[in-house]
Every structure is written in C-alpha cells, then in structure tokens.
Amino acid sequence: MRVPRTIAGLTVVLFAAILAPGATKGSSTNILSREAYFPHLGDLMSTMQTRHLKLWFAGRSNNWPLASYEVDLMMENFRDIALLYPNVPVADVEMLIEPTKDISAAIEAKDAGKFSQAYAALTAACNACHQAIGREYIVMQVPTASPFSNQVFPPQK
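Predicted model, so just to flag it, every value in this text is computed and none were measured.

1. Observations regarding the state of the cysteines
Formally, a disulfide is one covalent bond, and it connects the sulfur atom of one cysteine to the sulfur atom of another.
For step 1, the next point in the chain: The tally for this structure, following the rule as stated, stands at zero disulfides.
For step 2, the next point in the chain: Looking at C126, it has no disulfide partner, and the nearest cysteine sulfur is the one in C129, 7.6 Å off.

The structure is reproduced here in structure tokens:
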C-alpha cells in the first residue's frame, strides 16, 4: 500500500509546483502558460469549414434560424481573420462578401432555391480565395454528408 500513497503524494506535489503562482515564471516550457492564445490561421479556417458545412445542412433543411446563426458566426470568423491576419489580402477576402450577402438574403426570404445558388457561389468564392493566396490545394465543395450525427438540422416543431 505504500507505493500508491507515494505516487499520489508525488502527483499532488507536482501539480502544486506547476500551479503555484510564479513557480514557473519565465519558463518557456510551461504548458499552463497564462499568455493569451493566438489562433493559427489554419485553426480559424477549420472553424470556417465547419460553419460552411453546418450552414449547408441548416439551409437544405429549411432551418432558417440555424442558417442565419451560422452565417453570423461565419461573418464573425471573417472579421477575426481580417483582424488577426492583415497579411491575408483584403481584396481576396472581399470576394466572399457578396455571396455571403446573397445567402443572408435567401435565408431571410426562406428561399431554398436561392440559398442553394448563393451557397454554390460562396463555395466557388472560397476556392477562388484559396487560389489567390497560394492555397489552391484547399478545395471546398458542397457537402455530401454530415459528420455531425449529434445535431438535428431540420427545424423542430
């Protein structure tokens, strides 16, 4: 019984040392750093890809409140990218504004046909932006299946 108590004691001491204020001050290897997290562009774009996908399934299910919510989150993500990564050419990102406005208008009108057309235009604009910034190997498409089996997309009555 002495070994588990020793391990438990060492674990408590280790966590106390790590979490103690100033215990690791100046350490570049501190995994519990208090410095602000700065998201990588790839992380923001992965989030954008998720929004792109969820937007499609919300719109195709005529769940207009969810589609509107996803477009709003995409716009927030665009703003974050523009703020955090000013080296991404604004002219290239601006090509996404019109398709996003068209999707918003289709959502407001609850028009599934216009939504599909605007979504295809947004997807094409994403690909054009990727090409313009030298990331032509990232190619978006209209989703064919949802990986979100834990989310219901049709509106609930």
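Now that the structure has been shown, we can carry on.
2. A few points about unusual backbone geometry
Most peptide bonds take the trans configuration, and most residues that are not glycine carry a negative phi.
For step 1, the next point in the chain: Phi is positive for N62, close to 55°, though the residue is something other than glycine.
For step 2, the next point in the chain: Looking at where N62 falls in the secondary structure, it is placed in the loop between α2 (41–60) and α3 (64–84).
For step 3, the next point in the chain: Take N62: its relative accessible area is 39%, and that puts it in the partly exposed class.
For step 4, the next point in the chain: With a phi close to 55°, K110 is a non-glycine residue in the positive phi region.

3. Examining the packing of aromatic side chains
For step 1, the next point in the chain: Scanning the model with the defined rule gives six aromatic pairs in all.
For step 2, the next point in the chain: Judged by centre distance (4.8 Å) and plane angle (45°), the rings of W56 and Y119 are tilted. Note that W56 is positioned in helix α2 and Y119 in helix α6 (residues 112–132), a separation of 63 residues in sequence.
For step 3, the next point in the chain: The exposure class assigned to Y119 is buried, which follows from its relative accessible area of 0%.
For step 4, the next point in the chain: Arranged with centres 5.7 Å apart and planes meeting at 40°, the rings of F57 and F153 form a pair that is tilted. In this pair, F57 sits in helix α2 while F153 sits in the segment after α6, placing the two residues 96 residues apart along the sequence.

4. A word on the nonpolar core
Soluble, globular proteins show a tendency: their nonpolar side chains are buried together.
For step 1, the next point in the chain: Core analysis: the largest hydrophobic core is formed by 28 residues, its most contacted members being L55, I103, I107, F115 and L122.
For step 2, the next point in the chain: Those elements that place two or more of their residues in this core are α2, α3, α5 (97–109) and α6.
For step 3, the next point in the chain: When sequence neighbours within four positions are dropped, the list of residues in contact with I107 reads L55, W64, A67, S68, V71 and F115.

5. Some points on the confidence of the model for the protein
For step 1, the next point in the chain: Confidence in the prediction of the protein, expressed as mean pLDDT, is 81, and 75% of residues score 70 or more.
For step 2, the next point in the chain: In this model, residues 8–27 is a region of pLDDT below 50 whose contacts with residues beyond four sequence positions or in other chains number seven contacts.

6. Some thoughts on the packing of α3 against α5
For step 1, the next point in the chain: Direction vectors running N to C along α3 and α5 enclose 160°, while the axes themselves pass 10 Å from each other. Considering the angle they form, α3 stands roughly antiparallel to α5. In this structure, α3 crosses over α5, and the sense of that crossing is left-handed. Facing α3, whose interface residues are W64, A67, S68, V71, M75 and F78, α5 presents T100, I103, S104 and I107.
For step 2, the next point in the chain: When the residues that make up the contact of α3 with α5 are grouped by side-chain class, the tally is seven nonpolar, three polar and no charged.

7. Some points on the packing of α2 against α3
Each packed pair of helices is defined by two parameters, the angle between the axes and the distance between the axes.
For step 1, the next point in the chain: At a closest axis distance of 9 Å, the pairing of α2 and α3 adopts a crossing angle of 160°. When the axis of α2 is compared with that of α3, the two are roughly antiparallel. Once α2 is placed against α3, the crossing between them reads as left-handed. On the side of α2, the interface is formed by L41, L44, M45, T47, M48, R51, H52, K54, L55, A58 and G59, while α3 contributes W64, L66, A67, E70, V71, L73, M74, N77, F78, I81 and L84.
For step 2, the next point in the chain: Per-class residue counts for the contact of α2 with α3 are 15 nonpolar, four polar and three charged.

The rules behind these values
- Residues numbered from 1 in each chain as written.
- Predicted model: local features only at pLDDT ≥ 70, side-chain atom pairs only at ≥ 80, totals over all residues.
- Heavy atoms only, no water.
- Disulfide = S-S within 2.5 Å.
- Helix = DSSP H or I, 4+ residues; strand = E, 2+ residues; numbered from the N terminus.
- Buried < 20%, exposed > 50% of the residue type's maximum accessible area, 1.4 Å probe, protein only.
- Phe/Tyr/Trp six-rings, centres within 6.5 Å; stacked < 30°, edge-to-face > 60°.
- Core = buried A, V, L, I, M, F, W, Y, C linked by side-chain atoms within 4.5 Å.
- Contact = heavy atoms within 4.5 Å.
- pLDDT = per-residue confidence, 0-100.
- Axes fitted to C-alpha atoms, helices over the stretch in contact; angles between N-to-C directions.
- Parallel < 35°, antiparallel > 145°, perpendicular 65-115°, else oblique.
- Left-handed = near helix turned anticlockwise from the far one by under 90°.
- Nonpolar A, V, L, I, M, F, W, Y, C, P; charged D, E, K, R; others polar.

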